[in-house]
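Here are the chains, one letter per residue:
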Amino acid sequence: MQELDIVWIGTTAFAAGALLAGGAAYALLRRAGRSLTPQSRPCDREEVQHRFDRVRELARVGYWSCEPGYDKELYSEGVARLLGLELDEALRTGSGFQGYVHPEDRDHLVATRENAAINKLSYETRYRIRRADGETRHVEEHGVFVEGTAGQVGRIEGSLQDITELKELEDARQASNRQLQSFIEHTPLTIVFKDCQGRCVLANSSWHKTYNPEGANVVGRVLTDLLPGSLAKILVEQDNLVIEEGRLVEREVSVPQSDGRDKIVLLQKFPVRGSDGEIIGIGAIGTDLTENYRAHEALRLAKESAEIANRAKSEFLANMSHELRTPLNAVIGFSEILQNQLFGPIEQQQYQEYIDDINTSARHLLEILNDILDMSKVESGEYLLDDEVFPCRDELSRCLRLIREKAVRNGLAVSLVEQEAGLLLRADRRVFKQVMLNLLSNAVKFTHEGGQITVSVARTGEGGLEIDVSDTGIGIAPEDINRVLQPFGQADSSLSRKVEGTGLGLSLVQRFMQLHGGDLVLESEPNKGTTARVTFPFDRVSYNSPDSKTVTPTAEAAL
């Protein structure tokens, strides 16, 4: 029994030295070894044995020994525990150990041990065991061939350690590494890592596709060996800047491709640091911006083409409008002469009606041409405002008087509501008048007999001017509001629509207001009416006198 204890002690020391990195365990082994001297008392040997048992239990290490052919096998209590056996089961008899080895791993273990016995080698290997309770565990075995003495046959002996948790950690780490490697390999971004001397350590497939389509081995090579001189110089300068300043450095580079076209790449390089914070390499991620650049260039060219086409259209409309206005003025002038019968009476009443129709149609056509001409000037950027300061109420009153006759004829009531008196507006008077007449004409045109049209004037919260033209007419569907604000856009675009017009009025109003730094907003509901709200910024609004800055009671006038 004493000899067996000495074998256990020596072998456990071997196993612990091979498997345990803990300094405390190693020191305990050395202390126990020093206790095995000829002067050691039996109680000292028991203490040493107890200490080694504690070491083995802590390290989950067991001892085993077998002769070639495995006809005699011996293992310690630690191995019995690994196998899930009670301590009194096969204690130090070791029979049947192979039965606990996983069937898929038995041949490998036998071959490993036989090779060690034949070639008198030491070895280490990993395999699985099936415990007595059916649980599968991973173990690591260290073995060595020991020569027999005094005519005895040599044997193989070693240690066995449970590494299940370690194996699970390694598997999890390997799975995580595989996922990371898969991500790096399949991302469309180019990824490369270099050491501090600029030598490539790894590069993904996107990097090879962009920089190394020939597939040359890049590990250990520098960029100057792989890339054209001018490009390599730029990239090396970027690497040096990363190392010198220890920060992220971004740069757009043009990378020549085999098809003769260049790729535009946003190259982001950054320092990679070790656990001590020191820079150990350079990481680089490249984003291909080529398609973005091409799309941007195509958009730029399309925009230029559209601007050229728009200018050509505006010039054409302006020229045509100018050319058409001359004969129209003649038609209007001559029709007025006939209307007034300056050269004698017209006997036939029907002729008089025809002359009235000619004059009305010609004037309507002239209004359309004027709108087209104004729109073309605004769109081409050639329309210049002639600003002047004028009383807002006076100009609104004039506009209301101009549409009063038609409103009365249609059976409509028109009123002006002024919530603040004495307001002065700095604007183009002619444009202001055209804006208000367009809005008022629309209100009259789309409001049925008996309806109400109200013009309200008030200050905005920011100090600007807000003018609302509200009616109780047919209204506009929500989906049609954006359409009517476009040139030639109309809510009813059918050939059978009942109201005449080109659809330029509201789009012109919006553009005129934008020229003034203001805006046009439509609020409408079908069959309930529409409110057209124009706003002027605060820097275009002032007061006629200091006394008029106070808000007066609402003043309403029926015109």
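All values reported here derive from a predicted model rather than from experimental measurement.

Asks: How would you summarise the packing of helix α12 (residues 429-445) against helix α14 (residues 505-515) if you had to cite specific residues and measurements?
Replies: Two elements in contact, α12 and α14, have axes separated by 10 Å at closest approach and are oriented at 145 degrees. The hand of the α12/α14 crossing is left-handed. Contacts from V431, Q434, V435, N438, L439 and N442 in α12 reach G505, L506, L508, V509, F512 and M513 in α14. Here the contact of α12 with α14 is built from residues that sort into eight nonpolar, four polar and no charged.

Asks: Report on the pattern of salt bridges, specifying residues and quantitative values.
Replies: If you walk through the whole model with that rule in mind, you get 32 salt bridges. With a closest N to O distance of 2.9 Å, E140 and R126 form a salt bridge. Linking E140 in strand β4 (residues 136-146) with R126 in strand β3 (residues 122-130), this pair joins segments that are 14 residues apart in sequence. Exposure remark for R126: the relative accessible area of 35% places this residue in the partly exposed category.

Asks: So, the sheet that holds strand β13 (residues 423-428): which residues are in play, and what are the values?
Replies: Ordered in space as β11-β13-β18, the three strands form an open sheet in which the pairing is antiparallel. Strands with a single pairing partner mark the edges of an open sheet, and in this sheet they are β11 (387-391) and β18 (541-543). Each neighbouring strand pair of the sheet contributes to a mean axis angle of 35 degrees, computed without reference to strand direction. Pairing analysis gives five bridges linking β11 to β13, with the strands arranged antiparallel. In the sheet register, D387 faces β13, and the bridge partner there is D428. In the packing of helix α11 (residues 392-409) onto the sheet, contacts are made with β11 and β13, and the angle to β11 comes to roughly 85 degrees. Strand contacts of α12: β11 and β13, with the helix running at about 100 degrees to β13, the strand carrying the most contacts.

Asks: Kindly report on the nonpolar core, identifying the contributing residues and their values.
Replies: Of all hydrophobic cores here, the largest spans 45 residues; its most connected members are L396, F432, V435, L465, I467 and L522. With eight residues, the single largest contributor to this core is α12. Those residues in contact with V435, other than ones at most four positions away along the chain, are V509, F512, M513 and V534. Ranked by size, the runner-up nonpolar core spans 21 residues in total, among them Y100, L109, Y123 and Y127.

Asks: Describe the environment of E147, and please don't skip the residues or the numbers.
Replies: Residue position: E147 is located in the loop between β4 and β5 (155-162). The exposure class assigned to E147 is partly exposed, which follows from its relative accessible area of 46%. Sequence-distant contacts of E147, that is, excluding residues within four places in its chain, are made with K120 and G154. Polar contacts involving the side chain of E147 include one to the side chain of K120, which spans 3.0 Å.

Asks: Which residues make up the pairing of strand β12 (residues 413-418), and what are the values?
Replies: Within β12, five of the six residues are buried, leaving the element largely enclosed by the surrounding structure. Two strands pair when backbone bridges link them, and β12 and strand β14 (residues 452-459) are joined in this way by six bridges, in the parallel orientation. Opposite A413, over in β14, you have Q452 as the bridge partner.

Asks: Tell me about the state of the cysteines, and name the residues and values.
Replies: Applying the stated criterion to the full structure yields zero disulfides. C399 takes part in no disulfide bond, and the closest cysteine sulfur, belonging to C392, lies 9.5 Å away. We classify C399 as buried; its relative accessible area is 1%.

Asks: Go over a nonpolar patch on the surface with me, naming the residues and quoting the values.
Replies: Taken together, F316, M320 and L324 make up a surface patch of nonpolar side chains, about 280 Å² in accessible area. Looking at the element boundaries, F316 is found in helix α9 (residues 290-340).

Asks: Tell me about α12, and please be specific about residues and values.
Replies: Helix length check: α12, at 17 residues, gives a terminal C-alpha distance of 24 Å against a target of 24 Å (1.5 Å per residue), a fit within 8%. Among all positions of α12, only V431, F432, Q434, V435, M436, N438, L439, L440, N442, A443 and V444 are buried. Where α12 begins, one side-chain oxygen reaches toward the backbone nitrogen of R430, 3.1 Å away; that side chain belongs to D428.

Thresholds, definitions, all that
Residues numbered from 1 in each chain as written. Predicted model: local features only at pLDDT ≥ 70, side-chain atom pairs only at ≥ 80, totals over all residues. Heavy atoms only, no water. Axes fitted to C-alpha atoms, helices over the stretch in contact; angles between N-to-C directions. Helix = DSSP H or I, 4+ residues; strand = E, 2+ residues; numbered from the N terminus. Left-handed = near helix turned anticlockwise from the far one by under 90°. Contact = heavy atoms within 4.5 Å. Nonpolar A, V, L, I, M, F, W, Y, C, P; charged D, E, K, R; others polar. Salt bridge = Lys/Arg side-chain N within 4 Å of Asp/Glu carboxyl O. Buried < 20%, exposed > 50% of the residue type's maximum accessible area, 1.4 Å probe, protein only. Pairing = 2+ DSSP bridges. Core = buried A, V, L, I, M, F, W, Y, C linked by side-chain atoms within 4.5 Å. Polar contact = N/O pair within 3.5 Å; in protein donor to acceptor, adjacent residues only side chain to side chain. Disulfide = S-S within 2.5 Å. Patch = residues over 30% accessible without salt bridge, like charges linked within 9 Å, V, L, I, M, F, W, Y side chains within 5 Å. Areas by Shrake-Rupley, 256 points an atom, 1.4 Å probe, with all protein chains shown as cover. Expected span 1.5 Å × (residues − 1).

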